[in-house]
Amino acid sequence: MNGDSSGSLDPKGPRAESIADTWWLMLGLGVAVFVLFAVLLAIGLFRHRREGEAPPSERRWIVGGGVVLPVLVLVVVFGATIAAMRTLAEDAPPGALVIEVTGNQWYFEVAYPDAGVTTVDELHLPVGRPVEFHLTSADVIHGFWVPELGGKMDMLPDGVNVLVLQADEPGEWGAPCAEFCGLEHARMQVHVVAESPEDFAAWIESQQ
Ligand SMILES: [Cu+2]
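The rules we used
Residues numbered from 1 in each chain as written. Predicted model: local features only at pLDDT ≥ 70, side-chain atom pairs only at ≥ 80, totals over all residues. Heavy atoms only, no water. UniProt positions renumbered as here; feature names shortened; annotations may be inferred. Helix = DSSP H or I, 4+ residues; strand = E, 2+ residues; numbered from the N terminus. Rg over C-alpha atoms; globule rule 2.2 N^0.38 Å. Buried < 20%, exposed > 50% of the residue type's maximum accessible area, 1.4 Å probe, protein only. Contact = heavy atoms within 4.5 Å. Areas by Shrake-Rupley, 256 points an atom, 1.4 Å probe, with all protein chains shown as cover. Lys, Arg positive; Asp, Glu negative; His and termini not counted. Charge placed at Lys NZ, Arg CZ, Asp CG, Glu CD. Salt bridge = Lys/Arg side-chain N within 4 Å of Asp/Glu carboxyl O. Core = buried A, V, L, I, M, F, W, Y, C linked by side-chain atoms within 4.5 Å. Donors = N, O, S within 2.8 Å, 3.2 Å for Na, K, Ca; no water. Tetrahedral: all angles 85-135°; square planar, octahedral: opposite > 155°, others 65-115°. Pairing = 2+ DSSP bridges.

In the nomenclature of an unreviewed UniProt entry, the protein corresponds to cytochrome-c oxidase from the organism Blastococcus carthaginiensis. Taken from UniProt, the Function (unreviewed entry) comment for the protein reads in full: "Subunits I and II form the functional core of the enzyme complex. Electrons originating in cytochrome c are transferred via heme a and Cu(A) to the binuclear center formed by heme a3 and Cu(B)."

### Some remarks on the overall build of the protein
Scanning the protein for helices and strands turns up 3 helices and 10 strands. Overall, the protein shows an N-to-C arrangement of helices and strands of α-α-β-β-β-β-β-β-β-β-β-β-α. Relative to the 2.2 N^0.38 estimate, which gives 17 Å for 208 residues, the radius of gyration of the protein is 24 Å and therefore markedly larger than a compact globule would have. Counting across all 208 residues of the protein, residues that qualify as buried make up 34%. Of all intrachain contacts in the protein linking residues separated by at least 6 positions in sequence, the fraction that spans at least 24 positions is 66%. Of the accessible surface of the protein, which amounts to about 12000 Å², a share of 62% is contributed by carbon and sulfur atoms. Taking the average place of the 11 positive charges on the side chains of the protein and the average place of its 28 negative ones, the gap between the two points comes to 22 Å.

### Brief notes about the pattern of salt bridges
Pairing is possible between side chains of opposite charge, provided their charged atoms come close. In total, this model carries 2 salt bridges according to the counting rule given. Across the pair Asp 10 and Lys 12 runs a salt bridge, and its minimum N-O distance is 3.1 Å. Accessibility classification places Asp 10 together with Lys 12 in one group, the buried group. Between Glu 184 and Arg 187 there is a salt bridge, with the nearest N and O atoms lying 3.4 Å from each other. Taking relative accessible area as the criterion, Glu 184 reaches 32% and is therefore assigned partly exposed. The exposure class of Arg 187 is exposed, given its relative accessible area of 70%.

### What to know about the UniProt feature "transmembrane region" (unreviewed entry) in the protein
In the numbering used here, UniProt assigns the feature "transmembrane region" (unreviewed entry) to residues 23-46 and 67-85. Helix and strand shares over residues 67-85 are 100% and 0% respectively, and the end C-alpha atoms of the span are 27 Å apart.

### Regarding the nonpolar core
Nonpolar side chains in soluble globular proteins tend to be buried together. The biggest cluster of nonpolar side chains holds 31 residues, and the ones touching the most others in it are Ile 99, Val 101, Tyr 112, Leu 123, Leu 125, Phe 133 and Phe 144. Residue assignment for this core shows that the elements contributing at least two residues are strand E1 (97-104), strand E2 (107-112), strand E4 (122-126), strand E5 (131-137), strand E8 (161-165), strand E9 (171-176), strand E10 (189-195) and helix H3 (197-207). Look past the residues within four positions of Leu 123 in its chain and what remains in contact with it is Ile 99, Val 101, Val 110, Tyr 112, Phe 133, Phe 144, Val 190, His 191, Val 192 and Val 193.

### Considerations on the coordination of the copper ion
Only His 142 (ND1), Cys 177 (SG), Cys 181 (SG) and Met 188 (SD) from the protein coordinate the copper ion, and they sit 2.0 to 2.6 Å from it. Because the angles between the 4 donor atoms bound to the copper ion fall within 94 to 124 degrees, the donor set is best described as tetrahedral. In primary sequence terms, the donor set of the copper ion follows H-x34-C-x3-C-x6-M. Here Cys 177 falls in the buried class, since its relative accessible area comes to 7%. Residue classification places Cys 181 among the buried positions, given a relative accessible area of 4%.

### Structural notes on the pairing of E4
Within a regular strand, the side chains alternate between the two sheet faces. Within E4, 4 of the 5 residues are buried, leaving the element largely enclosed by the surrounding structure. In the sheet, E4 pairs with E10 via 5 bridges, with the strands oriented parallel. The residue of E10 that forms the bridge with Pro 126 is Glu 195.

### Overview of the UniProt feature "domain: Cytochrome oxidase subunit II copper A binding" (unreviewed entry) in the protein
The UniProt feature table records "domain: Cytochrome oxidase subunit II copper A binding" (unreviewed entry) at residues 94-206. As annotated, residues 94-206 has a helix share of 9% and a strand share of 48%, and its two end C-alpha atoms lie 26 Å apart.

Structure, rendered in structure tokens:
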């Protein structure tokens with residue numbers, strides 16, 4: 001269903017990359033802290049058994065490991081998260097392609113206003129060009145999410161949410177509705193095709 005990809009940890013665009021990088025950073029820090037404390041705990045248990053009581057100098061380990069280290073780790077994660085959020089919130093540069101996606105019970109309507117083309121459950125985009133998605137809904141709240149390209153965004157019946165995504169390499173992915181929207185929610189999915197600008201132009205022409 002998702003072609004050759006494996007979701008948000010297999011990013012195919014700059015915004016998805018910033019999300020994946022943050023995830024790997026958090027995993028790396030978590031593993032490092034876990035290993036460090038497992039080792040210290042083992043040493044501590046071994047020593048206590050041998051010496052009976054911890055010397056007062058070990059209090060600095062408690063302050064260091066219980067206060068200083070968590071603060072450092074959280075500051076690093078906070079900084080990385082803010083940086084990723086800024087990347088995700090950047091406006092589309094001039095020349096971005098506008099694609100309007102409307103959630104319906106239970107399908108995605110995809111419109112290319114400049115080309116006068118509308119499709120259902122099929123979304124094509126050119127590789128290497130930022131796309132400004134205008135997301136809305138015709139009925140209830142739906143969710144737009146192409147894990148390989150970036151974060152998810154709600155599709156609301158009473159407004160338009162803007163999400164900028166870019167594909168850096170060709171590929172085909174499934175983008176399931178990311179907000180429970182009724183009986184057929186589980187089968188609601190848009191097929192996403194990222195292709196070369198030439199192939200995209202040819203596809204648009206074939207749809208006109
Ligand atoms: Cu839906």
